[in-house]
Amino acid sequence: MTFNMLVGITGCVLILVFIFARVWVGPAMMIVSLIGLTLMKGWKYTMGTLAPVPYSEMANYTWACLPLFILMGCALSLTGIGGDLYAFARNALGKIRGGLAMATVCACAVFAAICGDSVATAVTMGKVSLPEMKRYHYDEGLAACSVVSGGTIGIMIPPSVSFIMYAMITEQSVGRLFAAGMLPGITQALFYVITITVICKFRPKYGGEKVEVTRKETVRSFLPVWPVILLFVLMMGGLYGGFFTPVEAGAFGAFFTFVIAFILRRLRKENFNAILKDTVQSTGMVLFLIVGAYFFTRFITLSGITTSLTKSLLAWQAANEIPRIVIVLIILGFYFITGFFLDALACVLLTLGIVFPIITGLGYDPIWWGVLMVRMLETSLITPPFGLNLFCISRSCGVPIGTMYRGIFPFIVADAMHIALLIVLPDLSLWLPRLMGLM
C-alpha cells in the first residue's frame, strides 16, 4: 500500500468520524481534502489546485437550474398549493376503502413532480392529509406511513435535485435522467397504492370511513389544481421538445408558480419572504455540499483509491466468475445502510467518486445506475431504526415514532419489490429516454 492510498483511506475514515460528530458534510469533505492533499503534494499544490474550485465549478451555467427548481418547490410548499392537490385527490378517491391514504400517495406524486424534494413533499402533505385521515378514523400507522412513503417519490419524479447533482458530477445529461426517472416514479406510486389496497383488504378497519362527495365538489376541487398540472406539462414538454434548456425550464417553472399563486390569492408578504429565505438557505446548503464533493473527488482520485479499488474489484469478479449483478447488489446494500445516517444528497456526493467508476467499469448504463442508486436511497429514508422521513413526519405531525415503525414494514416490502423490478427490467428506466431520442 502506497503512502497516498494510506492517506486516502485515513481521510475516508476521518470524514465518517466528522459526520458522526455532527459536523456538516460539506465542510467535513473540505477539511479532510485540504489536509490530505497537503500531506500528499504539499501546501502550494493544494492551494493552486483547490483555490479556484469553488468559483470555477459553481460558474457552470447549468448549476443555475438548481436554485430555480428549489425556489419553485419552496413556493409550492408555502403557498398552500399542496393542499389543493390533496383536496382533489381526496374527492376523487375518497369513496374507495383506504382512498384517503391512496389520495395522499397520488398527491405526493403530483406535488413531487414539481417540488422535487422528498422531505418537503412529506411534510407538506403530512400537514394537510393526516388531520383528514384522523377525522375519518384511519389507522394512525397507515396514515402516517402513506405520507412518509409518498414523500420519497419527490426524489424520483423530475425535476429532482438529486438527479441534477448526479448529472453534473458524472457529466451525464440532466434531460436523460429526468426522463429516466419518470416511469420508475409513477410505478413507485402504483406499488404504494397496491400496498394500501392489500392492507385494507386484510385489515378493513385500517382504511377508515369512506368520504362521500358529489361529482360537483370533485370538479370544483380540480379548478385550482389544473394550472399546476399544466405548468408541469409545459415545463417538461418545453425541456424535451427542445424549447428550454434545464435552466430555462427552471426559470419558467419558478416564474409561473408565482403567477399561479398570485392568481389564486395565495401569495402574501409573509409567505413570500419565507419562500425567499428557505430558497437561499437550501441553495446555500446544497452548493456547500457540491463544493465539498469536488474537493473530495480530487483528493480521492489523487490518492489512487478509486483506480486501485476498481481494478481489484473487476479482477476479483472476473477471476471468480461472479455475475456483475452481485457487485451491484453489494453496492446497493452499502447505499441502503449509508442512507440510514446521511441525507440522500450527501450520500450521492460523498460516494460517487468511488462507486461510479466501478459501475461503468462493469459495463452498466450510467443513467440506469443513477435511477437505481437514487431509488435505493429513497428506501433508506423510510427504513427503521433511523429513516430521515420517519423522524421528520413524527416531529412535524406529532405521530409517535413507534407507531411509524410498526406501519412502515409493508411499504418497505413494496420498495424491495420495486427495486427488484428496476434491476430485472432496466428498460423501465431507459425506455422513455430512448423513445424521446435522448439516448
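Residues numbered from 1 in each chain as written. Predicted model: local features only at pLDDT ≥ 70, side-chain atom pairs only at ≥ 80, totals over all residues. Heavy atoms only, no water.

## With respect to the side chain of H418
Position of H418 relative to the elements: it lies in helix α22 (residues 409-424). If we ignore the near neighbours within four places in the chain, the residues touching H418 are P184, T187, Q188, F191 and R375. (Helix = DSSP H or I, 4+ residues; strand = E, 2+ residues; numbered from the N terminus. Contact = heavy atoms within 4.5 Å.)

## Some details on the nonpolar core
If you look at the biggest cluster of nonpolar residues, it comprises 141 residues, and the most contacted ones within it are M133, I164, F178, W369 and L372. No other element matches helix α11 (residues 174-202), which puts 13 residues into this core. Setting aside residues no more than four positions away along its own chain, I164 makes contact with W63, C65, L66, F69, V174 and F178. (Core = buried A, V, L, I, M, F, W, Y, C linked by side-chain atoms within 4.5 Å. Buried < 20%, exposed > 50% of the residue type's maximum accessible area, 1.4 Å probe, protein only.)

## Some points on the packing of aromatic side chains
Summed over all chains, the structure comprises twelve aromatic pairs. Ring centres of F296 and F299 lie 6.1 Å apart, and the angle between their planes is 45°; on these two criteria the pair is classed as tilted. Taken together, the residues span about one helical turn, with F296 and F299 both in helix α15 (residues 269-303) at a distance of three residues. Taking relative accessible area as the criterion, F299 reaches 0% and is therefore assigned buried. Through a chain of ring-to-ring contacts, three or more aromatic side chains come together here, namely F244, F252, F255 and F256. One cation-aromatic arrangement involves K41 over Y45; the distance from NZ or CZ to the ring centre is 5.7 Å. The positively charged end of R324 is found above the aromatic ring belonging to Y364, 4.2 Å away from the centroid. (Phe/Tyr/Trp six-rings, centres within 6.5 Å; stacked < 30°, edge-to-face > 60°. Lys NZ or Arg CZ within 6 Å of the ring centre and 35° of its normal.)

## A short note on the packing of helix α5 (residues 65-78) against helix α14 (residues 246-263)
Packing of α5 against α14 brings their axes to within 8 Å, and their N-to-C directions diverge by 25°. If you check the angle between α5 and α14, you find them roughly parallel. Considering how the two elements wind past one another, α5 and α14 form a crossing that is left-handed. On α14, the residues touching C65, L68, F69, L71, M72, A75 and L76 of α5 are P246, V247, A249, G250, A251, G253, A254, T257 and F258. Of the residues assigned to the contact of α5 with α14, the class counts are 13 nonpolar, three polar and no charged. (Axes fitted to C-alpha atoms, helices over the stretch in contact; angles between N-to-C directions. Parallel < 35°, antiparallel > 145°, perpendicular 65-115°, else oblique. Left-handed = near helix turned anticlockwise from the far one by under 90°. Nonpolar A, V, L, I, M, F, W, Y, C, P; charged D, E, K, R; others polar.)

## A short note on the environment of V193
Turning to its location among the elements, V193 is positioned in helix α11. Among the residues examined, V193 registers a relative accessible area of 18% and is labelled buried.

## Digging into the confidence of the model for the protein chain
Mean pLDDT over the protein chain stands at 81; residues scoring 70 or higher make up 95%. Mean pLDDT in the protein chain bottoms out at helix α20 (residues 388-397), which sits at 73, and peaks at α22, which reaches 92. (pLDDT = per-residue confidence, 0-100.)

## Some points on unusual backbone geometry
Even without glycine at this site, H137 takes up a positive phi of about 60°. Within the secondary structure layout, H137 lies in the loop between α8 (118-135) and α9 (140-151). You can call H137 exposed: its relative accessible area is 53%.

## Description of the side chain of T195
Tracing the backbone through its elements, the reader meets T195 in helix α11. Of the polar contacts made by the side chain of T195, one reaches the backbone oxygen of F191; its length is 2.8 Å. In contact with T195, other than residues within four places in its own chain, are P410, F411 and A414. (Polar contact = N/O pair within 3.5 Å; in protein donor to acceptor, adjacent residues only side chain to side chain.)

## Overview of the pattern of salt bridges
Here the structure, examined in full by the defined rule, presents four salt bridges. When the shortest N-O distance is used, the salt bridge between E132 and R135 registers 3.3 Å. One end of the pair, E132, and the other, R135, are both in helix α8, three residues apart, so they sit about a helical turn from each other. The exposure class of E132 is buried, given its relative accessible area of 14%. Of the charged contacts in the structure, one is a salt bridge between E378 and R375, with a shortest N-O distance of 3.2 Å. (Salt bridge = Lys/Arg side-chain N within 4 Å of Asp/Glu carboxyl O.)

## Concerning the environment of T306
Mapped onto the elements of the fold, T306 is located in helix α16 (residues 305-319). For T306, a relative accessible area of 9% corresponds to the buried category. Apart from residues lying up to four places away in sequence, T306 is in contact with I300, G353, I354 and P357.

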